[in-house]
Each structure stands twice: as structure tokens, then as C-alpha cells.
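# Examination of the molecular architecture
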Amino acid sequence: MSKVLILFAHPKFEASKANKALVDQVKDIPGVTFNDLYENYPDFLIDVEKEKEILNNHDIIIWHHPFYWYSCPPLLKQWIDLVLEFNWAYGPKGNALQGKKCLNAITTGGTQEVYCAQGSNMYTVNEFLRPFEQTARLCSMEYLPPFAVMGTHYLSESDLNTYANQYANLVRSLLNDSLLKTTKDSSLLNNIPKPKNLNSL
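Now for a description of the structure that goes with this document.

So, how was this worked out
Residues numbered from 1 in each chain as written. Predicted model: local features only at pLDDT ≥ 70, side-chain atom pairs only at ≥ 80, totals over all residues. Heavy atoms only, no water. Helix = DSSP H or I, 4+ residues; strand = E, 2+ residues; numbered from the N terminus. Buried < 20%, exposed > 50% of the residue type's maximum accessible area, 1.4 Å probe, protein only. Contact = heavy atoms within 4.5 Å. Expected span 1.5 Å × (residues − 1). Salt bridge = Lys/Arg side-chain N within 4 Å of Asp/Glu carboxyl O.

## Quick notes on the environment of L37
Within the secondary structure, L37 is located in helix 2 (residues 37-40). Given a relative accessible area of 0%, L37 falls into the buried group. A C-alpha to C-alpha distance of 9.1 Å links L37 and P11, two positions 26 residues apart in sequence. Not counting chain neighbours up to four residues away, the residues in contact with L37 comprise L7, F8, A9, E51, L75, L76 and W79.

Set out below in C-alpha cells:
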């Protein structure tokens, strides 16, 4: 079974119903390590060697964050800048992350309808996430489509529960390495069926 690392970055987590619902469903799943960057590094002084060691011990990395100004909160960007070092994560001698899988799990205030060519944001979330995709590719990781909860301002408790269950099913599928190729080719990883025989995970 694979090991999943969730790198969570939300500077106002206490105010986010959507992220609380998602986190509550996945943080205690066996095989999952939940690394809350704002909790661990409130001073932004990231322990680079510790983070590298955590990465070494996992197969799948999820960058879980709200979509701030079409990107991630600053602490996650700093984590990427500092931890993914030349000749460790990439470069002639940088193969530490080779073969690992990576994806973004994001929440957006805007609905999916505004994230398209005809919408007010003009581009899809997949297009806005290209810098993360290229970062993963430069580090020889397999980049998967994102999991996205969109239009969070309009979601009911029932909607949030549905998304939280979808997220948990995705994480369990990643742990069990049971994602289908057709799923990997989707634009979003939201509709993952509950894996069979994984109720104990």
C-alpha cells in the first residue's frame, strides 16, 4: 500500500467550513500523513531537512490549499521554493522525488462556470495550476488532475459532506493504487467511486 502525504496550507483554516469538512474526512486515514504547514511553521521558518525526510517516506504528495489569487497561499509557495532544492528534487543529481505521484486538492469561492473560457476568470483551474504541474514534471513526478471543491460560498452542509466523502474515496484509491487510467485522464479527480474492500482503511 502506498503512503500519502497531505501538505496542507490555509492561513485562515478556522474560518473555512469547506476545508474543515475535507480535512476531517482524511487526516486520520491509516497511511495518510497530515502536515499542516501553517500550524507547524507560523514563523515561516521551514525545516527543510525535516520536510525532505517526510517526502522521502511517502509515495503520493497532495498540495491541499485554498485557491488564493489563482495560486496557493504564500507558505506553500515558500515550502516549494525552499524544500524542492536543485540537485535534490531536480537537476543532474536531483532524483529524490522520481516516480512519486502529485496533485492539488483545492477549494475555490468561484463556481466551475466562472473558471472557463466563457467565464469571468477566462481559464480553467487546470490551466491556472500549470506551474504546479510543471514543478511536478521537473521533479520527475507524475502529476494527476486536481481534486476541486468549487463555489464554496454556495455549498450546503450536505454538499460539503458529499465533497468530503469524494475526497476520502480519492485518498483511499491513491493509497490502494487503484485509480483507473480513464480517471487519471479526467479534468478533475472528484468522482472516484468508493474502493471495494477498503472499508477498513
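## Considering the environment of F13
Along the chain, the position of F13 falls in the loop between strand 1 (4-8) and helix 1 (17-26). Note: C-alpha distance between F13 and E113 (100 residues apart in sequence) is 25 Å. Ignoring any residue separated from it by four or fewer positions in sequence, one finds F13 in contact with F8, N19, K20 and V23.

## With respect to helix 7 (residues 157-175)
Between its terminal C-alpha atoms helix 7 stretches 27 Å, which fits the 27 Å expected from 19 residues at 1.5 Å a residue. Looking at the packing, one finds that the buried side of helix 7 touches strand 1, helix 1, strand 2 (32-36), strand 3 (60-66), strand 4 (101-108) and strand 6 (147-150). Of the residues trailing helix 7, D177 is marked for its positive phi of about 50°.

## Describing the pattern of salt bridges
Using the criterion set out here, one finds nine salt bridges in the structure. Note that K52 and E49 form a salt bridge whose closest N and O atoms lie 3.6 Å from each other. In this pair, K52 and E49 are both assigned in helix 3 (residues 48-56), three residues apart and thus about one turn of the helix distant. Residues D177 and K101 are paired through a salt bridge, measuring 3.7 Å at the closest nitrogen-oxygen approach. With D177 in the loop between helix 7 and helix 8 (181-184) and K101 in strand 4, this pair connects stretches of sequence that are 76 residues apart. Among the residues examined, K101 registers a relative accessible area of 16% and is labelled buried. One continuous salt-bridge network, built from bridges that share partners, spans E49, K52 and E85.

Interpretation note: all reported values are geometric properties and have no functional meaning in isolation.
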